[in-house]
Structures are given as structure tokens and as C-alpha cells.
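# Examination of the molecular architecture
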Amino acid sequence: MIVEPDAPLPERVETLVIGAGTIGLPLAVKLAETTGKPVLCLDSGGWSQAGDTHPLNAVEQRGDRYDGADLGRFRGLGGTSTRWGGALIPFQPADMTGWPVSSEELAPFIGEVEQLFGLDPGTYHGSDPMLDGPDMVPRLAKWPPFAKRNVWKLLEGEVRRSDTCSVALENVVTNLASEADAIRVEIARPNAWHVIHASKVIIAAGAIETTRLALLLDRAMDGAVSRMSPLLGRTFGDHLSVEVGRIVPRDRVALNRLFGFRFARSGMMRNLRFELAPETPLRETVRPGFVHVGYATDGDTGFDHLRAAMQAVQRGTMPSGGAVAGLLRDLPWLARAVKWRFADKRQLFPDGADLVVHCVIEQGHERDSRITLSDTLSDAHGTPLPAIDWTVTPADVEQLHALADIFERHWDRGELAGLGTFERFPRAGVEQALVHSGGIYHPTGSTRMAASAADGVVDADLRLFAEPRVQLVGTSVLPSGGGANPTMTALLLAMRLAAQHGRASRRQGR
Ligand SMILES: Cc1cc2nc3c(=O)[nH]c(=O)nc-3n(C[C@H](O)[C@H](O)[C@H](O)COP(=O)(O)OP(=O)(O)OC[C@H]3O[C@@H](n4cnc5c(N)ncnc54)[C@H](O)[C@@H]3O)c2cc1C
């Protein structure tokens, strides 16, 4: 059920989830289902976020500008899933080396995540031997159609029907404290303050805010969390993505067939990327990353307007007049695109668009790359802003060139070279772009999971080492950024967490 902003809230609950976003909402629904007990899920936003930024997402930027802070997160039902791309792909086992959780432990939950987003089952590995090489392997992400990317739209019916899962809007958690018999949670409501005592708290408020809430708990516990887990807030990183070159086509149609989005009968889309091969010795020196071929447009093609219209569908709004008019201006392209969509099951590249090669690298998770609580700035509720000290390092630049070199060799050694020539952009321009790239909204590492408190903030079951009644879930617990988009892996951890609660509940006879 939905708890409107002015409706009364309980003062004591057993399980409280903070955040009804991409991860928190599916988690709350599954927790209620597996435990059979009431779950209260609080969200700081309302039915949806209208604009592209939100005042509560302000941060103090201390290093290079980190774009994900204000441009990469959204509040309200569905959270950032109201805007995200939706590429879902689990990390390769080799990308999880040193993690306290293995890919085998997460694999049983892949089906559940796929089912949530209406994705077809099946492998994420590419099957075309022409694309394989000793150092790179083809993989295909799964993308739900736009109408199935927003988790609120997917779960609305279940939430409304449920009498155990309650989702309360416009409740901003402003502080947490550890008390003998419960976790005290302070909440700013539209016209009032409220306190809930919860036996268990699961924070799923997005990477930056989850870290901020853990830091607030640390402050309330006189530094007990950070004394036990010195990496709290540290080793913060993102993926960095830049264009490193272009493909000069020999066979544009074949390139479009290979790299254009592929449509399944269900409406699911897939796209090809190249990741480091699991066994390549290059893994000793090159961090995981991925490379994909896309297209550069001037932002005013029929394709751009079609995408804008579909993104409005994802947000649950009407396409703008500009998007519809832009689409009508490019009717000849649209007619061919419809044929490609239904006959060839491919997305047609925009006419004349350059085919560009994007390299996506993982940052090094340096100790000094970190989120802290600002000493000077606070939000409208008086809570200190997160202060983000984040930089693109010379090592990141080296990693970028290394991955681009590997892709160039991969392209040139095989049949890919027959489709077109990979032309690298000048190094200086690429480096300049990387330094100012701002991240790609894949924040990881700031509440990393580890086998011991010395190496991380949460254990393999996502419990804070210093306060096991609090669990954290989201991309901030990923110890490394991996060679793929991170949300699938974070969702798998969330589904595993809910299953663990279900089992515990059954053991206690509910
Ligand atoms: C444009 C864009 C494209 C992306 N594309 C992809 C992609 O293709 N693939 C991929 O894997 N990832 C992608 N991402 C990243 C992905 O969207 C995030 O990893 C994911 O949405 C994070 O989910 P979350 O539940 O942790 O956070 P969110 O979905 O942001 O949800 C957090 C929720 O917590 C609530 N909240 C925050 N603070 C509080 C508080 N103090 N009290 C109460 N509630 C609070 C917020 O209101 C929000 O609803 C993209 C991101 C962006 C911005």
C-alpha cells in the first residue's frame, strides 16, 4: 500500500527499508513476500521527480566535478529507474576476484531480476566465434523496453494490493542512531518530524546517500563504525567513458547489424560490447572495462527525437511536442527504422552518424577518493551535505589507453577489420575528455563489502560490521566497478538479501 505524505506513520517497526528506488522498491516487495511480515519502505521523494535535478541531491564537490551527484540520481517512486538506461548484465566471475561473495552465489537470482524487468532468459555471452579473441570476449547486455525500465511501473500493482509492504512518500531520513533495542531513525516529513524505532534497517538510498546515512550513523555512534571499518566512505570510484576513436565503415549495413540494438520478440533489446576475456593474462595489469561501438549525432535526428519520446514513456509522462515534431520531420528515416525494427530486428543507425568507439574503464578505488560529511554545508533539513573528493588520476588515463590498445589489436586481428577501419583519436584530446568526463553514474566502493572490517564496511551479507542490525545495499557495496554496468549485480545482492531474510523468518516460524 502507499502511505501518503500526511498519513500517520508507526513509531516502531520490525523491518524498515530506506529508499523506494531501483533497488529498494523490488527489495521491499520481495522482503514482504518472503518473510510474510510487514515491511515499511520510506522514500524522500513523491510520486515522481519532475525536473532533472533535486535540491536534496546537492553535494560539496571537493575534487574533480563528479556529475553523478546532481545529474545521476532521482528521487521518488522508482528512484533513478525513472531515467536510467536499463542495461542489465551481471559481472563476469573474473571481475569479482577478491569479493566475499562469488558469482555462483548470485547466479540463482538472475532469473528473478530478469522476470522483474520482463527480460528473456539466456546467456549474456556472445556466441559468434568471429568476435572472440584471446584477450577480449563479446557480451550482450539485456535492456528492457522503455515502458518496463521504471521499477515503480513494474511493481505498482503489487504494492497497491499488498497489505504487508507499505511505501511512504516524502519521508526524508535525516539521522540514524544505534540504541539498545532498536535503530532510531529520524525522519523529516512535509510538515513534521517523526521518529521510528526499527529492529532492522536496510539502507537502499543510492550509493551516495547510503554512504551519507552510514556516515551519519557513524557520527551518532561517536565514530564506532569508522574505527572498526576505516574504509567507510573511502575507495569511491566510477566508470569513466570516453570516445577513443571511430570506425570508418567498409560495410555500414553489416556494422549496423552487428552493433545496432537487437530486438527480441518480447521487446527486450540487446547490444554488443567487448570485455576482457576471463583468462587473459592482461587482467594482471589492466582493470576490467568494456568497449562498445555507438553513433554520434547532433541531437536533432529522428533517432534522437524517438528516444526522447520513449524516455517520456519511461518517466510516465507524455512525449513533448518538440519530440513529436522532430520525429515527424524525419519521416523517411522513421519509415526505414520501422522496417529494420520489425524485419531485421535491429535498430537503424541514424543517417550519416559517425560510428564511434567508447572505452569504459574502471577507476582504481583509491583510498583518498572518498565521501565525507561536509563541515560547512547542509541541506534544507540541516543534514550535512555529502562532500565528494573524487579525481581522475594519471593511472586512470594509463588504463584507458591500455584498454583502447587491447581493443585495437582485437579489432585488427580478426574479421572485424573487414567491416571497417578502427581509427584512433589523438591521445591528447582523448586524455582531455577523460579528465573532464565526470563519471557515468556508476558509483561504487564507498561502503564496500569485504570479508573483514579492516577491508570493508559491510560483510558478505551486507551487514555493517559495526552495527549488524543495519544492512546496506546498492552499488556502494561493490568493492570494484567491474567490466559492466553495476546495477544488475547490486540487484542480485538485494534479491539474495531478501531470500536470506525469508529463510531466517521461516526458521523462527514467522
Ligand atoms: C541516466 C542514467 C543511466 C543509467 N544507465 C544505467 C544502465 O544502463 N545500467 C546500469 O546498470 N546502471 C545505470 N545507471 C545507474 C543506475 O540507475 C543506478 O545504479 C541505480 O538506479 C541505483 O539504484 P538505487 O536503488 O541504489 O538508487 P536510486 O534508484 O537512486 O534510489 C534511491 C532512492 O532512495 C531515496 N532516498 C535517498 N535518500 C533518502 C533518504 N535520506 N531518506 C529516504 N529516502 C531516500 C531516493 O528518493 C530514491 O528514490 C544509470 C544512471 C543514470 C542516471
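What you are looking at is a predicted structure, and each value in this text was computed from that prediction instead of being measured. (Residues numbered from 1 in each chain as written. Predicted model: local features only at pLDDT ≥ 70, side-chain atom pairs only at ≥ 80, totals over all residues. Heavy atoms only, no water.)

### Structural notes on the overall build of the protein
Each helix and strand counted, the protein has 15 helices and 18 strands in total. Taken over C-alpha atoms, the radius of gyration comes to 23 Å for the protein, in line with the 24 Å a tight globule of 510 residues would show. A principal-axis box enclosing the C-alpha atoms of the protein has dimensions of 70 × 45 × 45 Å. Considering the protein as a whole, with its 510 residues, one finds that 60% of them fall into the buried category. Considering only contacts within the protein whose residues lie at least 6 apart along the sequence, 76% involve residues at least 24 apart. For the protein, the accessible area works out to roughly 20000 Å², and carbon and sulfur atoms hold 53% of it. Distance between charge centres in the protein, computed from 54 positive and 61 negative side chains, equals 5 Å. (Helix = DSSP H or I, 4+ residues; strand = E, 2+ residues; numbered from the N terminus. Rg over C-alpha atoms; globule rule 2.2 N^0.38 Å. Buried < 20%, exposed > 50% of the residue type's maximum accessible area, 1.4 Å probe, protein only. Contact = heavy atoms within 4.5 Å. Areas by Shrake-Rupley, 256 points an atom, 1.4 Å probe, with all protein chains shown as cover. Lys, Arg positive; Asp, Glu negative; His and termini not counted. Charge placed at Lys NZ, Arg CZ, Asp CG, Glu CD.)

### Section: the site of the ligand
Residues in close proximity to the ligand total 34 residues, the closest being Thr22, Asp43, Ser44, Thr80 and Glu209. Contact distances for the ligand include 2.6 Å between an oxygen atom and a side-chain N or O atom of Asp43. In the model, a nitrogen atom of the ligand is placed 3.3 Å from a nitrogen or oxygen of the Arg75 side chain. Residue composition of the shell around the ligand, grouped by class: twelve nonpolar, 18 polar and four charged. (Near = heavy atom within 4 Å. Polar contact = N/O pair within 3.5 Å; in protein donor to acceptor, adjacent residues only side chain to side chain. Nonpolar A, V, L, I, M, F, W, Y, C, P; charged D, E, K, R; others polar.)

### Structural notes on the packing of aromatic side chains
One pass over the full model with this rule turns up 14 aromatic pairs. Geometrically, the ring pair formed by Tyr66 and Trp390 is edge-to-face, given 5.0 Å between the ring centres and 65° between the ring planes. Within this pair, whereas Tyr66 is found in the loop between strand S4 (60-61) and helix H2 (68-71), its partner Trp390 is found in the loop between strand S16 (384-389) and helix H12 (394-413), the two being separated by 324 residues in sequence. On the basis of relative accessible area, Tyr66 is assigned to the buried category, the value being 0%. The exposure class assigned to Trp390 is buried, which follows from its relative accessible area of 0%. On the basis of an interplanar angle of 50° and a centroid distance of 5.7 Å, the ring pair of Phe274 and Phe407 is categorised as tilted. Taken together, the positions of Phe274 in strand S12 (residues 269-276) and Phe407 in helix H12 put the pair 133 residues apart, joining distant regions of the chain. Given a relative accessible area of 1%, Phe274 falls into the buried group. Its relative accessible area of 1% is what places Phe407 among the buried residues. Through a chain of ring-to-ring contacts, three or more aromatic side chains come together here, namely Phe259, Phe274, Phe407, Trp411 and Phe422. Over the ring of Trp340 we find Arg257, and its NZ or CZ is 5.4 Å from the ring centre. (Phe/Tyr/Trp six-rings, centres within 6.5 Å; stacked < 30°, edge-to-face > 60°. Lys NZ or Arg CZ within 6 Å of the ring centre and 35° of its normal.)

### Here we look at a nonpolar patch on the surface
Together, Val324, Leu328 and Leu331 make up an exposed nonpolar region whose accessible area comes to about 270 Å². Mapped onto the elements of the fold, Leu331 is located in helix H11 (residues 331-344). (Patch = residues over 30% accessible without salt bridge, like charges linked within 9 Å, V, L, I, M, F, W, Y side chains within 5 Å. Salt bridge = Lys/Arg side-chain N within 4 Å of Asp/Glu carboxyl O.)

### Looking at the packing of helix H9 (residues 302-315) against helix H10 (residues 321-329)
With their axes 8 Å apart at the nearest point, H9 and H10 run at an angle of 145° to one another. Note that H9 runs across H10; the crossing there is left-handed. For the pair H9 and H10, contact is made by Gly302, His305, Leu306, Ala308 and Ala309 and by Gly322, Ala323, Gly326, Leu327 and Arg329, respectively. By residue class, the composition of the contact of H9 with H10 is five nonpolar, four polar and one charged. (Axes fitted to C-alpha atoms, helices over the stretch in contact; angles between N-to-C directions. Left-handed = near helix turned anticlockwise from the far one by under 90°.)

### What about the sheet that holds S16?
The mixed open sheet is built from three strands, whose spatial order is S4-S16-S15. Only two strands of the sheet have a single neighbouring strand rather than two, namely S4 and strand S15 (370-378). With five bridges joining them, S15 and S16 adopt antiparallel strand pairing. Across the sheet, the residue bridging to Ser378 is Pro384, located in S16. Contacts between helix H6 (residues 207-220) and the sheet are confined to S15 and S16, with S15 contributing the most and set at about 70° to the helix. (Pairing = 2+ DSSP bridges.)

### Details of the pattern of salt bridges
With the rule as written, the count across this model stands at 31 salt bridges. For the salt bridge of Arg139 with Glu275, the shortest nitrogen-to-oxygen distance reads 3.0 Å. Within this pair, whereas Arg139 is found in strand S5 (residues 136-143), its partner Glu275 is found in strand S12, the two being separated by 136 residues in sequence. Residue classification places Arg139 among the buried residues on the basis of a relative accessible area of 2%.

### Description of the UniProt feature "domain: Glucose-methanol-choline oxidoreductase C-terminal" (unreviewed entry) in the protein
In the numbering used here, UniProt assigns the feature "domain: Glucose-methanol-choline oxidoreductase C-terminal" (unreviewed entry) to residues 367-494. Strand forms 18% of residues 367-494 and helix 32%; the C-alpha atoms that close the span are 26 Å apart. (UniProt positions renumbered as here; feature names shortened; annotations may be inferred.)

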